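# Structural characterization, general
The lines below spell out each chain.
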Amino acid sequence: MPIITINETRRRLTAFSQQWRNASSEKSQAQVFWLRFYECFGIRAESATVYEKAVKKISGAPGYIDSFIPGKLIVEHKSQGKNLDSAFIQATDYFIALKEVDRPRYIITSDFSRIRLYDLLLDTQHESTLADLAKNADWFKFLADDEAADIVDESPVNREAAYAVSRLHEALVKTNFKGRSLEVFMTRLLFCLFADKTGIFGENGIFRRVVEGTRVDGKDLGGALRELFSVLDQSMEERPSTLDEAIAAFSYINGNLFAERLDFPAFDKTLRDALLECASLDWSGISPAIFGAMFQGILEDQASTKAKNKTTRRELGAHYTSERNILRALNPLCLNDLNAELRSAKGSKAKLKVLYDKLPTLTFFDPACGCGNFLVIAYRELRKIENEVIKALFGFEKKSMGLLDVTTLCRVKVSQFYGVEIDPAAAHIARVAMWITDHQANLESAKQFGTTRPTVPLVDSATIKIGNALRTDWEEVLAPDDCRYLVGNPPFIGKQNQTVDQKADMVHVCGDIKNAGVLDYVAGWYVKAMHYIAGHPNIDVAFVSTNSITQGEQVAVLWKPLLDAGIHIRFAHRTFAWKNEGKGNAAVHCVIVGFGLRKPSKYELFEYGSDLKADVLPKTPSRINPYLVEADDVLLPNRTNPIENIPAMIYGSKPTDGQNLLLEDGEKIALLELEPAARKWIRPFLGADEFLYNERRWCLWLDGITPTELKTLSEVRKRVQAVKTMRLKSTKGPTRDMAETPWLFAEDRQPKTGTYLLVPLHTSENRKFVPIGFNDAKTICGNANSMVPGASILHFGILNSTMHNAWTRSVCGRLESRYRYSNTIVYNNFPWPELDAALQAKISAAAQAILDARAKFPGASLADLYDQLAMPPALRTAHKSLDKIVDAAYGYAGEKDDAARASFVFSLYLKRTTPVQPDRVQPSLRRKKTSS
């Protein structure tokens, strides 16, 4: 019997699966099927097996075993789709009928597409599809020798593996094994775990057997791994001839993965058990995205991890970017076009050849690559397309039998992928993740074609530059002439949370941009990309970003230089929940912006529903502006006054008091018990929470108090003195100056009489309407709100409309994911409809109906009333009635989504704000003045 390697067996099984994928008839095809199956293991079936072995069942009826290897195997074969449980019962009848000496340990039942293996000694059952036979080659090792199949069932590895690795990592850290030695050690272990299940090492399971072969107490495991890692870095010719066979059997890896010599941990039973737990899992089907993220979690800085509250610590494997979200960027960037080109090319050899030649020239550059998730998904998808091209171009789809030698036809390589990463360990991990993805792609090609190029020794590698992406010259990593796609997910760091170094990075990149200090850290990548692609319209860019760069004050600052440089937004995902796949993580609200110097033949805009999660089909607008709506490239300025003839919106009053002028309920009661005369100076106080949640708070409002009266109020005077002390200690000059009037709020904007309309500065993104309401001047409005003194019910109505709220959601800033309503961007730039007296009356009546509906629930807070689930039907109806009237006032009959409404309002804004040329005088579009 010839001896063949396990990799050769896999190659043969891949070809076997391909050749027999359409078989279905037991009578005409089964015998040849099993003959060819045995040949995959180097077995001459004619001499090793007996076909149609005649036996007499217990019942006395005659029977015939489809394939029989005495003492080893019974095969019972059925036609496609037949019941394999019945086939097993039939095989056991034959088993009993055989002589004791001929009874086998194994039974196989099959219907061509399924192969089920029973181990009668261990009482186990395992099933493989025909397509997965090569992957499960080790199950059938008993055919070539007497060694039992060492089978580990498949498991849902993506999370299970992540948490198993997390436990191993934490156990290693507890032994004080850390730093670069830990990083590299874990990187190598994870590569070994994957390689052990996918044929990279040769025979599956040999790494696990090395671990199992060590002492139970684990004392010799570190030494065994040290020797193995050294051998993996040696070619077969370099290895000592005296090596133990178990170690010598491992394939040569290369790629410098095992070259560096570092410390090894001192293993004990706990660590050995943790590693064995990892090794018992099936890593062959692991997602490339989670593979990189497992490394990323492992490499979290230990000091910062310890400083975090344990209940909020991100779990390993629970924070990686999902493939679904990565593909949201990659599909409209390039994959959709490439797949469309493939569909169009089928049937045309010339077009297929053009695409086939193009694929190896496409380069991908992620200048914030982390552990390489975007790169590995892009590579995997490119290989999938190449496989389809090979099938169509070389006629493989027409071949019912036979193989196509594609060892040289798969030309897409990991060397087409580039990245920049500041963490050296993560950069190393990105390269390893690319190798693993390459092997997965090679296995897939082998499954389809029967052959593929070898994975090891590692030859090609992704180029990952170690460095600060905002300080690195991207052209030194990949020349713009050679770059096709720039893609990634730069860091999400707001302007308030940037470190000193990060602020310096932003000055380095954005120093020439006016007001760049308001920009989030991610904006630095946009500016760098602007310079990188200058003069290179061939480069398409897509970045995942916090939605803040497309809303609020950052838009005008960031996008003016980009638009001036000729950049066009080619596609965009409006705000959606970038939800991580693991447990215990909140979603981040993001956008994806695809841009470049070329105008696209088709724009694509993805608008998400109220849950911000569900996948949607893109719209095809005529253009996309920086607010990610279909409108001209408008950049809203911070206006100090409204563009309309409406009352001004101002901030609430700011105490700057060290909590000495503000009173909780209990503090108010205690103060009045000691000093009843202070009652006339106590007013209700509304911050945003008090307004939204019906919480009660008070303040000392001492405007107008005489020195004599203040002197008589000793308890109040103590509080005023505390305010003075607090202000004098401030590092800010204006605050110290306010210490001269410590009895007053630092900033007093409270109206003296009448009412005002209160608008909280921040409100939940889960509300369809920003809750607003009227208060009288005796209730003090704090600086967590804005207010409109003198506002009428008409103003209340327009601001409560869906039209205004859609505008708000599209242009306002964000605090985390909450809406940040501003007077300068949202209110002052908002165009109002043309209103005659009749329309004013209708809107006012509809607005009053909203107040009446609220009044029906006196115990409910505004937060309760505007909760999406709890909103009373009467209030919903009132808002719908108002929207109908306001839409009619605008003359709007478009779609109901935010993007469509915002697009309409932007067009109206342009009409209101674009100066009319003297020779092209148009009728006035200004709204008739409304009463206040």
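Residues numbered from 1 in each chain as written. Predicted model: local features only at pLDDT ≥ 70, side-chain atom pairs only at ≥ 80, totals over all residues. Heavy atoms only, no water.

Spatial strand order, E15-E23-E19-E21: 4 strands in an open sheet with antiparallel pairing. Of all the strands in the sheet, just strand E15 (650-651) and strand E21 (773-776) have a single pairing partner and so form its edges. Pairing analysis gives 5 bridges linking strand E19 (residues 755-760) to strand E23 (residues 785-789), with the strands arranged antiparallel. From the neighbouring strand, Leu-757 faces E23, where its bridge partner is Val-788. (Pairing = 2+ DSSP bridges. Helix = DSSP H or I, 4+ residues; strand = E, 2+ residues; numbered from the N terminus.)

With that settled, the discussion passes to the packing of helix H13 (residues 323-345) against helix H14 (residues 349-358). Between H13 and H14, the least distance of the axes is 8 Å, while the angle of their chain directions is 150°. In terms of their interaxial angle, H13 and H14 are classed as roughly antiparallel. In this structure, H13 meets H14 at a crossing whose hand is left-handed. Two secondary-structure elements touch here, H13 through Leu-338, Glu-341, Leu-342, Ser-344 and Ala-345 and H14 through Lys-351, Leu-352, Leu-355 and Lys-358. (Axes fitted to C-alpha atoms, helices over the stretch in contact; angles between N-to-C directions. Parallel < 35°, antiparallel > 145°, perpendicular 65-115°, else oblique. Left-handed = near helix turned anticlockwise from the far one by under 90°. Contact = heavy atoms within 4.5 Å.)

Side-chain positions along a regular strand alternate between the two faces of the sheet. Alignment of strand E5 (residues 114-119) against strand E6 (residues 124-129), held across 6 bridges, turns out to be antiparallel. Across the sheet, residue Ile-115 finds its bridge partner in E6, namely Ser-128. Hairpin connection between E5 and E6: a loop of 4 residues separates the two successive antiparallel strands, and Asp-123 in this loop has a positive phi of roughly 55°.

The subject of this paragraph is the environment of Lys-178. With respect to the helices and strands, Lys-178 occurs in the loop between helix H5 (157-174) and helix H6 (179-195). Sequence separation between Lys-178 and Asp-263 is 85 residues, and the spatial gap between their C-alpha atoms is 9.9 Å. Among the polar contacts made by the side chain of Lys-178, one reaches the side chain of Asn-176 at a distance of 3.4 Å. (Polar contact = N/O pair within 3.5 Å; in protein donor to acceptor, adjacent residues only side chain to side chain.)

A word on the nonpolar core. Counting 109 residues, the largest nonpolar core has Phe-365, Leu-486, Tyr-526, Tyr-532, Leu-558, Leu-636 and Phe-906 as its most contacted members. Among the elements that line this core, the one with the most residues is helix H19 (residues 523-533), at 8 residues. The residues touching Leu-486, leaving out its near neighbours within four places in the chain, are Phe-365, Pro-367, Trp-474, Ala-529, Tyr-532, Ile-539, Asp-540, Val-541, Ala-542 and Phe-543. Leu-375, Val-376, Ile-377 and Ala-542 belong to the second largest nonpolar core, which has 51 residues in total. (Core = buried A, V, L, I, M, F, W, Y, C linked by side-chain atoms within 4.5 Å. Buried < 20%, exposed > 50% of the residue type's maximum accessible area, 1.4 Å probe, protein only.)

Another aspect to go through is the packing of aromatic side chains. Following the criterion strictly, the structure yields 47 aromatic pairs and no others. Judged by centre distance (6.3 Å) and plane angle (40°), the rings of Trp-34 and Tyr-38 are tilted. Of this pair, Trp-34 and Tyr-38 both sit in helix H2 (residues 26-39), 4 residues apart, which is roughly one turn of that helix. Pair check on accessibility: Trp-34 and Tyr-38 agree, each one buried. An angle of 40° between the planes, with centres 5.6 Å apart, marks the rings of Phe-229 and Phe-264 as tilted. Here Phe-229, found in helix H8 (residues 221-232), pairs with Phe-264, found in the loop between helix H9 (245-248) and helix H10 (269-279); they are 35 residues apart in sequence, far enough to count as distant. Three or more aromatic residues joined by ring pairs form one cluster here, namely Phe-16, Trp-20, Phe-33, Trp-34, Phe-37, Tyr-38, Phe-41, Phe-112, Trp-139 and Phe-140. Sitting over the face of the ring of Tyr-356, Arg-411 holds its NZ or CZ atom 3.9 Å from the ring centroid. When the ring centre of Trp-698 is taken as origin, the NZ or CZ atom of Lys-668, which lies over that ring, is 3.5 Å away. (Phe/Tyr/Trp six-rings, centres within 6.5 Å; stacked < 30°, edge-to-face > 60°. Lys NZ or Arg CZ within 6 Å of the ring centre and 35° of its normal.)

Right, let's talk about the sheet that holds strand E24 (residues 813-815) for a bit. Here we have 3 strands laid out as an open sheet, ordered E20-E25-E24, and antiparallel in their pairing. Every other strand in the sheet has two partners, leaving strand E20 (762-763) and E24 as the edge strands with one partner each. When E24 meets strand E25 (residues 818-820), the two strands line up antiparallel, connected through 3 bridges. Paired with Leu-815 across the bridge in E25 is Arg-818.

Further remarks concern the packing of H6 against H8. Two numbers describe how H6 lies on H8: the axes approach to 12 Å, and their chain directions differ by 75°. Regarding the angle of H6 to H8, the classification is roughly perpendicular. Of the residues in H8, those touching H6 at Phe-185, Arg-188, Leu-189 and Cys-192 are Leu-225, Phe-229 and Leu-232. By residue class, the composition of the contact of H6 with H8 is 6 nonpolar, no polar and 1 charged. (Nonpolar A, V, L, I, M, F, W, Y, C, P; charged D, E, K, R; others polar.)

What follows deals with the confidence of the model for the protein chain. For the protein chain, mean pLDDT is 85; residues scoring 70 or higher make up 86% of the total. Overall, residues 148-156 carries pLDDT values under 50, and its contacts beyond four positions in sequence, including any with other chains, amount to 21 contacts. When the criterion is pLDDT under 50, residues 919-932 qualifies, and its contacts beyond four places in sequence or with other chains add up to 35 contacts. (pLDDT = per-residue confidence, 0-100.)

Glancing now at the side chain of His-762. For His-762, the position within the fold is in strand E20. Within polar-contact distance, the side chain of His-762 engages the side chain of Arg-820 at 2.5 Å. Ignoring sequence-local partners within four residues, the contact set of His-762 consists of Leu-692, Leu-815, Arg-818, Tyr-819 and Arg-820.

Now for the pattern of salt bridges. Counted by the stated rule, this structure contains 42 salt bridges. Between Asp-357 and Lys-353 there is a salt bridge, and its shortest N-O distance comes to 2.6 Å. Of this pair, Asp-357 and Lys-353 both sit in helix H14, 4 residues apart, which is roughly one turn of the helix. Residue Asp-357 is classed as partly exposed on the basis of its relative accessible area, which comes to 32%. Its relative accessible area of 39% is what places Lys-353 among the partly exposed residues. With a closest N to O distance of 3.7 Å, Glu-386 and Arg-383 form a salt bridge. Taken together, the residues Glu-386 and Arg-383, both in helix H15 (residues 373-393) and 3 residues apart, mark about one turn of the helix. An identical accessibility class is assigned to Glu-386 and Arg-383; each is buried. One network of salt bridges, with partners in common, ties together Arg-484, Asp-540, Arg-570 and Arg-598. (Salt bridge = Lys/Arg side-chain N within 4 Å of Asp/Glu carboxyl O.)

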